[in-house]
Amino acid sequence: MAVFRSISLASVTMLLAHLNGVQATTFLAPEQDIVLPASGSAREPLEWAGANSPYFAGPNIYGISNAVPDNCVVEQVAYNVRHGSRYPDAGAYAQWTALYAKIQNATFTATGELAFLQDWQPILTNSAAQMSQESTTGYKEAYDLGYQVRTRYPKLYAYGTPFISWANLYPRVVQTAQNFVRGFLGQTATNLGLVISINSTGSPQALFDSLSPSDQCPLFVDGNGGTQQVSWNKIYLPPILERIQTMITGNLNFTTTDISIMPYLCGFESQITGTLSPWCGVFSDAELKQYEYSQDLRYYYGMGPGTDLPSKMMLPYLNALVGMLAQGPGINGTFANGTSFTLPKILTSFMNDGQITELGAATGIWDNTTILSGTEIPEGYDYISSHFVSMRGTVAFERLNCFLANNSTSTSSLPKPTPTSGSTNQTYIRILINDAVYVVPSCQDGPGRSCLMSEYIALVKNKVAAAGDLRTRCNVTNAASPTVLKGASFFTNLADSWLAQVAP
């Protein structure tokens, strides 16, 4: 039942720099966006809430520094970002209020970690206005990411030049993009920043040419954890329910459904209020890891590696994105008015949890991942949803230009050698998930276990071919829909009818 744990990214970077006698770059942006405090019962309550966790970096499961590999430079980067922390949707909030009504209608005494129950109430103060919007913590996560990316890649943006981000047309997603641009550009955001919103259902031509392609796939079904999650919930929830009921005297009788809501409340209440929720003190680390595993099943068998069609939804987008990274900086696009622009060297796309999950599945990083069981937690498994689809979770791609001696792909940290007739430069791609380096199992021979760009292009194209005709598989019958799937023409053609410009 153990879960993979490892040392921090910052620790690895500093250790390697010390051992190699190299002066490491010390960034002022903190590794963690917010404090991740312990509760009275758990050491890491906010890090085991699955997709309901606020953003946190890493962990570094491969032990690879996320510093740029020696003898390499980042020429271009693409960040794909889930929206930041948010207020609940209507369905989730209805569960909160139903739990509150149950508690209020009961006559009971609660002790220990549940002593707060008599005074607890849902924390939204203006639910009609707050529902589904980005929260204050979400604003901070997005703004801070803008600052972090700007300072991490200082040579990829020239002060005083325009900057564009792209966002799925969903309020909290657009809000996250806006706040990112503000953090990235600072006081120049008003004049130089632009967010392009993408309406995934705004035109038949948007078929597999948006940041939410499943919206135009009639046969797409979110597996929502499948039978495996149902089985696991029947295993892990009853013992927790039994323990919690021992702290209650009276006629307040929780159900396993009630118990499953409480870790959700831990994550959401904490990021909404900016203080650790009392619900985080109800569960032990072991119990929270069991809840985390239920979340992992939800995504693995929802639209992740444990599914077929759902896990293919972002392949056309990935294929187009990797094609642009392979082409390199200097790609031109066209505004709706016909004028041209040059794509930023830092490409940023904002989306929802489903698309981050689908994109992660498409990348190849989990091609050999452990198949998740519905009856027990696998030892050392790495498909942990809070590590990639947390609030403001990121899937980033770096284009690396690396100097190699004698055609070697060695990751040696020795100083850059003197060029010889056998020296060359090669282009690689590196994937970072929530700031941690992840490797593609079949392609990891480059510096820092990156993948040769040409080999990664071939890998993605093979995945696209193996997925088959997605238009047919989705049962798309609209004759106005394209037969050739573009994936991401919205980066370069801002005249598409399903796009709109939004000020940051």
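Everything numeric in this text was worked out from a predicted model, so none of it was measured.

Undergrad: Looking at this structure, how should I read the packing of aromatic side chains?
TA: Between two aromatic rings, the relevant description is the distance of the centres plus the angle of the planes. Following the criterion strictly, the structure yields 30 aromatic pairs and no others. Ring geometry for Phe116 versus Trp279: centroids 5.0 Å apart, planes at 90 degrees, classification edge-to-face. With a gap of 163 residues between them, Phe116 in the loop between strand S2 (108-110) and helix H3 (127-130) and Trp279 in the loop between helix H8 (256-273) and helix H9 (285-300) connect regions that are remote in the sequence. On the numbers, 4.4 Å between centres and 10 degrees between planes, the contact of Tyr264 with Phe268 is stacked. With a gap of 4 residues between them, Tyr264 and Phe268 both fall in helix H8, about one helical turn apart. Grouping residues by exposure puts Tyr264 and Phe268 together as buried.

Undergrad: Any chance you could explain helix H10 (residues 315-327) here in plain terms?
TA: In an α-helix there are 3.6 residues to a turn, and that puts residues three or four apart on one side. Its 13 residues give H10 an end-to-end C-alpha distance of 18 Å, which sits within 8% of 18 Å, the value for a rise of 1.5 Å per residue. Those residues of H10 not exposed but buried are Leu315, Pro316, Tyr317, Leu318, Ala320, Leu321, Val322, Met324 and Leu325. The positive-phi residue at the C-terminal boundary of H10 is Gly328, with phi of around 95 degrees.

Undergrad: Looking at this structure, I do not really get unusual backbone geometry. What am I missing?
TA: The bulk of non-glycine residues show a negative phi, and the bulk of peptide bonds are trans. Residue Pro59 is bonded to the preceding Gly58 through a cis peptide linkage, with omega at 0 degrees. Here Pro59 shows up in the loop between helix H1 (9-20) and strand S1 (72-82). The backbone phi angle of Ser132 is positive, close to 70 degrees, even though this residue is not glycine. Positionally, Ser132 belongs in the loop between H3 and helix H4 (136-152). The residue Arg392 is not glycine, and still its phi comes out positive at about 60 degrees. Inspection of the secondary structure assignment puts Arg392 in the loop between helix H11 (353-363) and strand S9 (394-404). A residue is classified by how much of its surface remains accessible, and Arg392, at 2% relative accessible area, is buried.

Undergrad: Honestly, the confidence of the model for the protein chain in this entry has me stumped. Any pointers?
TA: The predicted coordinates ought not to be read in detail in places where the model reports low pLDDT. Across the protein chain, the average pLDDT comes to 93, with 92% of residues at or above 70. Confidence drops under a pLDDT of 50 for residues 1-7, and excluding neighbours within four residues, the segment shows 24 contacts in the predicted structure. With pLDDT under 50 throughout, residues 407-422 is counted as low confidence; its partners more than four residues away or in other chains account for 27 contacts.

Undergrad: Help me out: how do you make sense of the packing of helix H7 (residues 226-245) against H9 in this one?
TA: Between two packed helices, both the angle of their axes relative to each other and the distance between the axes serve to describe the pair. Where H7 meets H9, the closest approach of the two axes is 10 Å, and the angle between their N-to-C directions is 160 degrees. Between H7 and H9, the interaxial angle falls into the category roughly antiparallel. Taken as a pair, H7 and H9 cross one another with a handedness that is left-handed. From H7, Gln228, Gln229, Trp232, Asn233, Tyr236, Ile240 and Arg243 reach across to H9, where they touch Glu287, Gln290, Tyr291, Tyr293, Ser294, Leu297 and Arg298. Split by residue class, the contact of H7 with H9 holds 6 nonpolar, 5 polar and 3 charged.

Undergrad: Please explain the pattern of salt bridges as it appears in this structure.
TA: Opposite charge on two side chains permits them to pair, given that their charged atoms come into close proximity. Scanning the entire structure with this criterion turns up 12 salt bridges. Asp258 serves as the salt-bridge partner of Lys102, at 2.6 Å between the closest nitrogen and oxygen. Taken together, the residues span a long stretch of sequence, with Lys102 in helix H2 (residues 90-104) and Asp258 in helix H8 at a distance of 156 residues.

The rules behind each value
Residues numbered from 1 in each chain as written. Predicted model: local features only at pLDDT ≥ 70, side-chain atom pairs only at ≥ 80, totals over all residues. Heavy atoms only, no water. Phe/Tyr/Trp six-rings, centres within 6.5 Å; stacked < 30°, edge-to-face > 60°. Helix = DSSP H or I, 4+ residues; strand = E, 2+ residues; numbered from the N terminus. Buried < 20%, exposed > 50% of the residue type's maximum accessible area, 1.4 Å probe, protein only. Expected span 1.5 Å × (residues − 1). pLDDT = per-residue confidence, 0-100. Contact = heavy atoms within 4.5 Å. Axes fitted to C-alpha atoms, helices over the stretch in contact; angles between N-to-C directions. Parallel < 35°, antiparallel > 145°, perpendicular 65-115°, else oblique. Left-handed = near helix turned anticlockwise from the far one by under 90°. Nonpolar A, V, L, I, M, F, W, Y, C, P; charged D, E, K, R; others polar. Salt bridge = Lys/Arg side-chain N within 4 Å of Asp/Glu carboxyl O.

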